[in-house]
Amino acid sequence: MIIRSILLAALAASAAVPALADDIARQDTPAITVSGEGSVQAPPDLAQIDAGVASDAKTAREAAEANNGAMAKVLQALKTAGIADKDIQTSRLSLQPQYAPNRPGQASVTGYRASNRVTIKVHDVAKVANVIDTVVGAGANDVGNVFFSVAEPSKLLDQAREKAVADARRKAEIYAKAAGVTLGQPLNIAEDGAPTPVFRAKTFAAPMAAGAPTPVAQGEETLSITVSVTWAIKPPQ
């Protein structure tokens, strides 16, 4: 049994030697590491609007009741405009005391403010202006940011990945030529961090008059990828 154990250990050690040698060879392989960037532009097809109602009153109960009634009108207007329930989500709900400004000594409560805000998803970005006008017309007086994005960015990000690897190869070939060597096969490719869709937000104030439409410019979205690529390099022949 002892002899058999010794033989098995020897065989295991001999099998590990080539693997260790391969690791050492890989570590000693001349290589160059560069980063590449790729980006793709596309028109947005999804928008999110932050909107709600803020109500002031002398008592907390009065502020809450007034706010509940006003917000109910806004939600009903959104449903009438064709916005689905799943695309309306409460984002902020608050009831806070209001204090007299610039009063020396102990601050006194002068009233209460109730606030209710929702995030609205709009799947047709051409209707963003109409949705803003709808909520303002229904009584919303707290309209915040509008975010544009691409709903399904996977295919666009794949295009950006191809561009990023091509950019890395271009840079590596420049370095290889300057060093008088030849670029070999890629040894390692790593995507740096998470894909970066660049979102843009715009802040809108309520229109001065009910008949004044809200101007909205959707522009384009940029989706970016950065990769690090290690290339083997061959010495000059």
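Residues numbered from 1 in each chain as written. Predicted model: local features only at pLDDT ≥ 70, side-chain atom pairs only at ≥ 80, totals over all residues. Heavy atoms only, no water.

**Student:** Can you help me understand the overall build of the protein in this one?
**Tutor:** When you go through the protein residue by residue, the secondary structure sums to four helices and nine strands. In the protein, the order of α-helices and β-strands from amino to carboxyl end is α-β-β-α-β-β-α-β-α-β-β-β-β. Counting every position in the protein, which comprises 237 residues, the buried fraction comes to 30%. In the protein, of all internal contacts separated by at least 6 residues, the share reaching a separation of at least 24 is 82%. Put simply, the protein shows about 14800 Å² of open surface, and 56% of that area lies on carbon and sulfur atoms. (Helix = DSSP H or I, 4+ residues; strand = E, 2+ residues; numbered from the N terminus. Buried < 20%, exposed > 50% of the residue type's maximum accessible area, 1.4 Å probe, protein only. Contact = heavy atoms within 4.5 Å. Areas by Shrake-Rupley, 256 points an atom, 1.4 Å probe, with all protein chains shown as cover.)

**Student:** I'm lost on the confidence of the model for the protein in this one. Help?
**Tutor:** Chain-level pLDDT for the protein is 83 on average; 78% of the residues reach the 70-or-more range. Ranking the helices and strands of the protein by mean pLDDT puts helix H2 (residues 60-80) first, with 97, and helix H1 (residues 2-28) last, with 44. For residues 1-26, every residue scores under 50 in pLDDT, and the model assigns this stretch zero contacts once sequence neighbours within four places are set aside. Across residues 198-210, confidence stays below pLDDT 50; counting only partners more than four residues off in sequence or on other chains, it has 33 contacts. (pLDDT = per-residue confidence, 0-100.)

**Student:** Can you help me understand the pairing of strand S9 (residues 221-234) in this one?
**Tutor:** Regular strands have side chains that alternate between both faces of the sheet. Here strand S1 (residues 31-42) runs beside S9; their pairing, made up of 12 bridges, is antiparallel. Across the sheet, the residue bridging to Val-40 is Leu-223, located in S9. Here strand S6 (residues 182-191) runs beside S9; their pairing, made up of seven bridges, is antiparallel. Of the residues in S9, the one forming a bridge with Ile-189 is Val-229. (Pairing = 2+ DSSP bridges.)

**Student:** Looking at this model, I keep getting lost on the layout of surface pockets. Mind explaining?
**Tutor:** Empty space among the atoms can be located by rolling a probe the size of a water molecule over them. Quantified by volume, the largest pocket comes out at close to 160 Å³. The wall of the largest pocket is formed by 13 residues, among which Ala-81, Ile-83, Val-122, Lys-127 and Val-131 lie closest to the centre. Mapped by element, the contributors of at least two residues to the lining of the largest pocket are strand S4 (109-122) and helix H3 (128-137). In terms of residues, the lining of the largest pocket owes the most to one element, H3, which gives three residues. Residue composition of the lining of the largest pocket, grouped by class: five nonpolar, four polar and four charged. (1 Å grid on protein atoms, 1.4 Å probe; cavity = no way out; pocket = protein on both sides within 12 Å on 5 of 7 lines; lining within 4 Å. Points joined across faces, edges and corners; volume = space filled by probe spheres on them. Nonpolar A, V, L, I, M, F, W, Y, C, P; charged D, E, K, R; others polar.)

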